[in-house]
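Commentary on secondary and tertiary structure
What follows is each chain in one-letter form.
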Amino acid sequence: MQTWTQLYRTVATRGQHLPCKLHGATVLSVRTYADKAPIDADVTVVGSGPGGYVAAIKAAQLGFKTVCVEKNATLGGTCLNVGCIPSKALLNNSYLFHLAHGKDFESRGIEIQGISLNLEKMMAQKSGAVKALTGGIAHLFKQNKVTHVNGFGMITGKNQVTAKTVDGGEQVINTKNILIATGSEVTPFPGIEIDEDIVVSSTGALSLKKVPEELIVIGAGVIGVELGSVWQRLGSKVTAVEFLGHVGGMGIDMEISKNFQRILQKQGMKFKLGTKVMGATKRPDGKIDVAVEAAAGGKNETLSCDVLLVCIGRRPYTQNLGLESVGIELDNRGRIPINNRFQTKVPSIYAIGDVVAGPMLAHKAEDEGIICVEGMAGGAVHIDYNCVPSVIYTHPEVAWVGKNEEQLKEEGVPFKIGKFPFAANSRAKTNADTDGLVKILSHKDTDRMLGAHILGSGAGEMINEAALAMEYGASCEDVARVCHAHPTVSEAFREANLAASFGKAINF
């Protein structure tokens with residue numbers, strides 16, 4: 001016997017209309033996927049974040065008939081809309097405000113009276129950058145002949161994706177290959193409900209209507225220190241509560257982390273490390289009480305704030321995608337298992353980015369997207385995850401690639417260390433921006449670069465030289481013998497390699 005849905009679809013397919021009334025009840029016309037002709041494709045990408053949109057463009061450039069399904073109204077995913085891009089706008093603008101409002105400009109002979117913050121205008125500049133970049137992806141899709149379907153994509157077969165569109169209908173895409181690039185979402189904190197008003201995730205923290213007098217951040221990883229820095233520069237008293245014993249999250253070198261923490265504290269941020277949050281309570285006066293205690297157990301303490309920012313990490317967006325309908329099971333962390341060609345257990349279904357193992361980084365997802373579709377076209381599939389850099393966009397920035405000192409000790413690898421402080425770098429000195437250092441780790445026997453760790457202004461740009469060197473298997477001597485322009489802060493990178501390879505730098 002046919003269900004009502006099947007009956008509606010049968011009638012709609014025949015181009016007929018349901019009667020206006022059925023047994024006295026008014027019946028509205030129902031739009032289904034039958035209203036829209038199925039699309040045939042070679043590659044269908046589900047998700048248009050950095051991994052998804054780049055993969056879609058590359059697939060089209062390789063000659064595949066490509067469709068990209070995106071549930072949100074704008075393209076670009078978390079990164080462009082509520083992540084990397086808007087946060088960098090606020091980090092840059094808040095730093096400029098900090099320079100002008102504090103004593104920095106005055107120390108440089110720049111005296112300005114009556115500095116004030118127009119937060120609404122600062123947010124508008126951020127939104128303008130986001131709009132331009134997300135619109136840019138739509139233009140690139142059109143330019144590369146990628147078909148964009150706006151709807152929630154679900155896998156309804158080994159070679160089929162069905163998008164539930166915003167108008168209530170459905171669009172079926174029959175496809176030779178499916179690429180899941182749905183990214184990640186904010187990890188909720190048990191017992192603390194996000195309202196994006198006074199208890200916010202990173203999304204809400206990018207759009208606060210006013211500067212909170214006191215801000216508590218749960219988590220002092222990358223997102224926590226970045227957003228904490230933004231609001232601290234704009235006038236908030238910021239305290240970051242971190243379960244781990246260090247700032248900067250996983251992967252950061254401990255020597256760099258300690259120096260980084262000291263600099264942030266000098267700027268005004270406070271940290272409670274080795275501390276766990278037990279809960280949060282809204283008070284009648286609008287403030288929030290946050291109960292904390294030592295991670296190892298101990299006396300309870302209550303902190304109060306105007307805004308509570310919860311940023312304890314992100315989790316893969318893998319629910320309700322129809323994976324179970326094709327027999328794909330998730331691992332214990334909600335990720336999709338894949339082989340070295342990014343294929344799931346279903347050969348026609350691939351996955352990249354935050355939904356698979358590895359660091360949740362936009363540039364890692366981009367590389368995986370390109371390599372994955374090149375593999376579909378018969379190309380080689382290779383990525384060295386040891387050469388994927390990480391960056392924290394505070395001031396100073398922190399960036400690293402490869403192994404840290406603790407990892408090399410744990411693995412029993414013999415290594416040498418080369419360091420060079422920016423205080424001894426001529427360009428940093430002329431810029432009056434000398435916080436931080438470059439730390440290079442090399443193999444004791446072969447001199448091959450094993451890791452690079454930079455704390456300082458422009459670290460996020462400089463780390464790419466290290467990534468290139470490591471990708472090509474360079475020795476520290478190789479880098480030390482490359483002529484670097486003078487005066488530049490990147491000379492510090494050369495000097496640190498010189499120290500690692502020859503035992504001593506020139507200018508320190």
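The rules we used
- Residues numbered from 1 in each chain as written.
- Predicted model: local features only at pLDDT ≥ 70, side-chain atom pairs only at ≥ 80, totals over all residues.
- Heavy atoms only, no water.
- Helix = DSSP H or I, 4+ residues; strand = E, 2+ residues; numbered from the N terminus.
- Buried < 20%, exposed > 50% of the residue type's maximum accessible area, 1.4 Å probe, protein only.
- 1 Å grid on protein atoms, 1.4 Å probe; cavity = no way out; pocket = protein on both sides within 12 Å on 5 of 7 lines; lining within 4 Å.
- Points joined across faces, edges and corners; volume = space filled by probe spheres on them.
- Nonpolar A, V, L, I, M, F, W, Y, C, P; charged D, E, K, R; others polar.
- Pairing = 2+ DSSP bridges.
- Axes fitted to C-alpha atoms, helices over the stretch in contact; angles between N-to-C directions.
- Parallel < 35°, antiparallel > 145°, perpendicular 65-115°, else oblique.
- Left-handed = near helix turned anticlockwise from the far one by under 90°.
- Contact = heavy atoms within 4.5 Å.
- Expected span 1.5 Å × (residues − 1).
- Salt bridge = Lys/Arg side-chain N within 4 Å of Asp/Glu carboxyl O.
- Polar contact = N/O pair within 3.5 Å; in protein donor to acceptor, adjacent residues only side chain to side chain.
- pLDDT = per-residue confidence, 0-100.

You can see Gln232 is positioned in helix α8 (residues 222–233). For Gln232, a relative accessible area of 12% puts it in the buried group.

Okay, empty space enclosed by the protein next. Enumeration according to the criterion identifies one cavity of 30 Å³ or more in this entry. Estimated volume of the largest cavity: approximately 50 Å³. Taken together, Val186, Ser202, Ile223, Val310, Cys311, Ile312, Gly313 and Arg314 make up the lining of the largest cavity. Taken together, the residues that form the lining of the largest cavity break down as five nonpolar, two polar and one charged.

Moving on to the sheet that holds strand β15 (residues 300–305). What the three strands build is an open sheet, ordered β13-β14-β15; its pairing is antiparallel. Looking at the sheet topology across the chains shown, the edges are occupied by β13 (275–282) and β15. With strand direction ignored, the average angle separating the axes of adjacent strands in the sheet is 25°. Where β13 and strand β14 (residues 288–294) come together, seven bridges link them in antiparallel fashion. Note on β14: the bridge partner recorded for Ala280 is Val290.

Between helix α2 (residues 50–61) and helix α10 (residues 362–376), whose axes approach to 8 Å, the crossing angle comes to 30°. It follows from the interaxial angle that α2 and α10 lie roughly parallel. For α2 against α10, the interelement crossing comes out right-handed. Residues Pro50, Gly51, Val54, Ala55, Lys58 and Ala59 of α2 form the contact with α10, whose participating residues are Ala362, Ala365, Glu366, Gly369, Ile370, Val373 and Glu374. Here the contact of α2 with α10 is composed, by residue class, of eight nonpolar, two polar and three charged.

All right, on to the sheet that holds strand β16 (residues 307–310) then. Here five strands make up an open sheet; going across it, the order is β9-β16-β10-β11-β12 and the pairing parallel. Whereas interior strands pair on both sides, the edge strands pair on one side only; in this sheet they are β9 (199–200) and β12 (270–272). Examined bridge by bridge, strand β11 (residues 237–241) and β12 share three bridges and lie parallel to one another. Across the sheet, Ala240 pairs through a bridge with Phe271, a residue of β12.

Now for helix α6 (residues 119–143). A turn of α-helix holds 3.6 residues, and therefore any two residues three or four places apart point the same way. Between its terminal C-alpha atoms α6 stretches 36 Å, which fits the 36 Å expected from 25 residues at 1.5 Å a residue. Every buried residue belonging to α6 is among Leu119, Met122, Met123, Lys126, Val130, Thr134, Ile137 and Phe141, and all of these are buried. Elements that come into contact with the buried residues of α6 comprise α2, β4 (66–70), α3 (77–82), α4 (84–101), β5 (147–157) and α8. Following α6 by one or two positions, Lys145 has its phi on the positive side, about 60°.

Another aspect to go through is the pattern of salt bridges. Under the counting rule described, the total for this entry stands at 24 salt bridges. Ionic pairing is found between Asp104 and Arg108, a salt bridge with its closest N-O pair at 2.5 Å. With its nearest N and O atoms 2.8 Å apart, the salt bridge here joins Lys439 to Glu255. Within this pair, whereas Lys439 is found in strand β22 (residues 437–443), its partner Glu255 is found in helix α9 (residues 254–267), the two being separated by 184 residues in sequence. When its relative accessible area of 0% is taken as the criterion, Lys439 is described as buried. Connected through shared salt-bridge partners, Asp253, Glu255, Glu405, Lys409, Lys419 and Lys439 make up one network.

Below, the discussion takes up the side chain of Asn425. With respect to the helices, strands and loops of the structure, Asn425 is situated in the loop between β21 (415–421) and α12 (426–430). Owing to a relative accessible area of 4%, Asn425 belongs among the buried residues under this scheme. A polar atom in the side chain of Asn425 sits 2.9 Å from the backbone nitrogen of Ala428. Among the polar contacts listed, one links the side chain of Asn425 to the backbone oxygen of Thr488, at a separation of 3.1 Å. Look past the residues within four positions of Asn425 in its chain and what remains in contact with it is Phe420, Thr488, Val489, Glu491 and Ala492.

Moving on to the confidence of the model for the protein chain. Predicted coordinates in areas of low pLDDT are best not read in detail. Averaged over every residue, the pLDDT of the protein chain is 93; residues scoring 70 or more account for 93%. With pLDDT under 50 throughout, residues 1–34 is counted as low confidence; its partners more than four residues away or in other chains account for 30 contacts.

Before going further, it helps to spend a moment on unusual backbone geometry. Cis peptide bonds are those with omega within 30 degrees of zero, and the linkage from His395 to Pro396 qualifies with 0°. Residue placement: Pro396 occurs in the loop between β19 (390–392) and β20 (397–402). Positive phi, close to 60°, is recorded for Lys145, a residue that is not glycine. Look at Lys145 and you get exposed, because its relative accessible area is 69%.

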